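Residue-level listing of the chains:
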Amino acid sequence: MRFHRILCILLCLVLTAGFLTGCGSSGASFTWRVDHVPANLDPQIAQESPERIAVTNLYRGLTRIDENGDAVLDCAESYTVSKDGLTYTFTLKEDLAYTKLKKHEKEYPLTAADFVFGMERVFREETNSPYRELFSNLKGAEGGTLGVSAPDERTVVYQLNAPDPAFLEKLAQPGAMPCNEEFFEHSAGAYGLSAATTLANGHFYLYNWNENGLFLRRSASGSLITSLRIVLDTTAQSTLTPAPASGTSVAQSKPAATGAAAVAAGDVTAAIDEASSAGSLPSIPYTATTWALVFNCEDKQLASQNVRLALGASAMGIETLPAGFSTADGLIPPAMEVNGSGYRDTVGGQMPTVSDVKESCRAGLSEAGLQQFSGIQVLYPEGADYQALIEQISQQWQKELGAFSAYFTLKAMPLDELESTVAEGDYQIALLPFSPSSEDCVTFLQQFADGAFTGWESAGFDSQLRQLAGQLAPDAGQIAQAEQTLLAGGAIAPLWYQDQALVMAQGVEHVVFDPFGPVLDLTWATYTGG
């Protein structure tokens, strides 16, 4: 069973705070909070979690990922693969159709040509599809006639440059969803931007879409969940609370329940939280976040590799970690896999060794013509746990590197603001979490190429990534070499892994969960009471 898609048992909740509908004869409802309402329902460009959740449930591809992590046939009735593994031929099920749009007299047929056009859109420059690299093994992907064709209305043929054991799984991704060319052209550049310009073929249909959320429904059938509510997270907003003295309603900040507490309170059906917060609630734990120090290599005091390695190695020496945190032995988090096996289990630790942090720091400062630090500021995310961590690091630096005036100013910032500040290069040292958006180890490392985040540039590292790019089955050893090169440069110092979990209550079964996003698929989800 592949880790990245997990069978989750989730709760169907009754109407609470306007978020859920009842679980009576009309069917069960599932509510999921998001940081922004999906802005576009075009599957060929869906990239962020809210959009991916929406299109995963609104569209059906030739295949779909089931609760065991396997690719199973969806719109396809059958398929064959040529002996050389280069040609896949799919036969569509009969009577496939798009959901009829309200106020539209015309009905659009769903044929093999729609799967061809959908894939062609992935490779159009104007689409700027994030799935272009995923399907780069198709013939013609780099130019010429694309290796996707429809000999008749029920047959789709894909031609590859090289055998790809993961091709069926890739066809379940949003980029491979069908798109009716006539409807797309008629939308005049507004495809997927409104209900009227969204033509979907999924198990769910679009019921409502406004500034508060996206609401999907499907016809009741047995115990299947019939409603998916992707709602805007408003927990940070103020609420009206009676003043104790006068009884007059006044605007006060009243923190709403989040994470596991929101599930326990009945505000949401499921939520991501720290694994330790699940308590007695059912949960699916995973470790897909690495906390690291990043150093601005363009700052004179931090330009030396020796200085950065000394600071990173010293920070590793703190002993008290919050619940759910553990010492990192590399940058790529444990949840990630390579060719079906856990990457960290396969390659082990990749941390650089610094035998004497004090001597390394002295030598590095000397390289820059300095004897001590001056005016260094360290940025970190707001939060009591993060403050405690950074204060411990500061104390560790003072203990081991105090001779070089390693007394740094600490400044807390909202995480989104901190990430923007680092991306703009307007910092010296920062503590940041890094969570992959996909299971691809190479893609995770590529975000640090060409001096991104830190200003550190390495022709060797960039060359290693280029060699790995596009490989259908990248070698774990080659990935480890690239990770070693990056960490040896000292521009980023992994410190801890953080455990998280999808926290749930009982009552719902057969929800497919992908932590890299995250993405939820309710195709087979049922509610049987809890």
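Scroll up a little and you will see the structure.
In this text the structure is predicted, and so the values were computed from the model without any measurement.

What to know about the packing of helix α6 (residues 305-315) against helix α8 (residues 357-367)
Reasoning step 1: In contact at an axis separation of 7 Å, α6 and α8 are set at 150° when each is read in the N-to-C sense. Considering the angle they form, α6 stands roughly antiparallel to α8. Note on packing geometry: the crossing formed by α6 with α8 is left-handed. Contact residues: Asn306, Val307, Ala310, Ala313 and Ser314 in α6; Val357, Ser360, Cys361, Ala363, Gly364, Leu365 and Glu367 in α8.
Reasoning step 2: In terms of residue class, the contact of α6 with α8 is made up of seven nonpolar, four polar and one charged.

Some thoughts on a nonpolar patch on the surface
Reasoning step 1: A grouping of Leu73, Tyr79 and Val81 is seen on the molecular surface, where their side chains present a nonpolar patch of about 220 Å² in accessible area.
Reasoning step 2: Inspection of the secondary structure assignment puts tyrosine 79 in strand β5 (residues 76-81).
Reasoning step 3: Residue tyrosine 79 is classed as partly exposed on the basis of its relative accessible area, which comes to 34%.

A short note on the sheet that holds strand β11 (residues 225-232)
To summarise the sheet geometry, strands pair through backbone hydrogen bonds and adopt either a parallel or an antiparallel arrangement.
Reasoning step 1: With mixed pairing, the four strands of this open sheet are ordered in space as β2-β11-β10-β9. The sheet terminates laterally at β2 (28-34) and β9 (205-210), the two strands that pair on one side only. Between one strand axis and the next, the sheet turns through 15° on average, direction left out of account.
Reasoning step 2: In this structure, strand β10 (residues 213-217) lies alongside β11, joined through five bridges in antiparallel fashion. Note on β11: the bridge partner recorded for arginine 217 is serine 227.
Reasoning step 3: In this fold helix α1 (residues 49-58) packs onto β2, β9, β10 and β11, with an angle of close to 160° to the strand it touches most, β11.

Conventions adopted
Positions within a chain are numbered from 1, following the residues in the order the chain's sequence is written. In keeping with the model being predicted, local features are shown solely for residues with a pLDDT of at least 70 and side-chain atom pairs are shown and tallied solely at 80 or more, while totals for entire chains, interfaces and linings include all residues. Hydrogen atoms and water are omitted, and side-chain values are computed over all heavy atoms in the structure. Axis lines are fitted through C-alpha atoms, for helices just across the contact stretch, and the angle between N-to-C directions can take any value from 0 to 180 degrees. Under the DSSP-based scheme used, a helix requires at least four consecutive residues in state H or I and a strand at least two consecutive residues in state E, with every element numbered from the N terminus. Here the word oblique covers every angle except those under 35 degrees (roughly parallel), over 145 (roughly antiparallel) and from 65 to 115 (roughly perpendicular). Should the near helix be turned anticlockwise from the far one by less than a right angle, the crossing is termed left-handed; should it be turned clockwise, right-handed. The contact criterion used is simple: two residues touch if any of their non-hydrogen atoms lie within 4.5 Å. Each residue gets one label: Ala, Val, Leu, Ile, Met, Phe, Trp, Tyr, Cys and Pro are nonpolar, Asp, Glu, Lys and Arg are charged, and the others, such as Gly, are polar. Nonpolar side chains (Val, Leu, Ile, Met, Phe, Trp, Tyr) within 5 Å and like charges within 9 Å form the patches, drawn only from residues with over 30% relative accessible area and no salt bridge. Values of accessible area rely on a 1.4 Å probe in the Shrake-Rupley scheme; residue burial ignores everything except the protein chains shown. Salt bridges are counted wherever a side-chain nitrogen of Lys or Arg sits within 4 Å of a carboxyl oxygen of Asp or Glu. Accessibility here uses a 1.4 Å probe with only protein chains present; expressed as a share of the type maximum, an area under 20% marks a residue as buried, one over 50% as exposed, and anything in between as partly exposed. At least two bridges found by DSSP between two strands is the condition for calling them paired.

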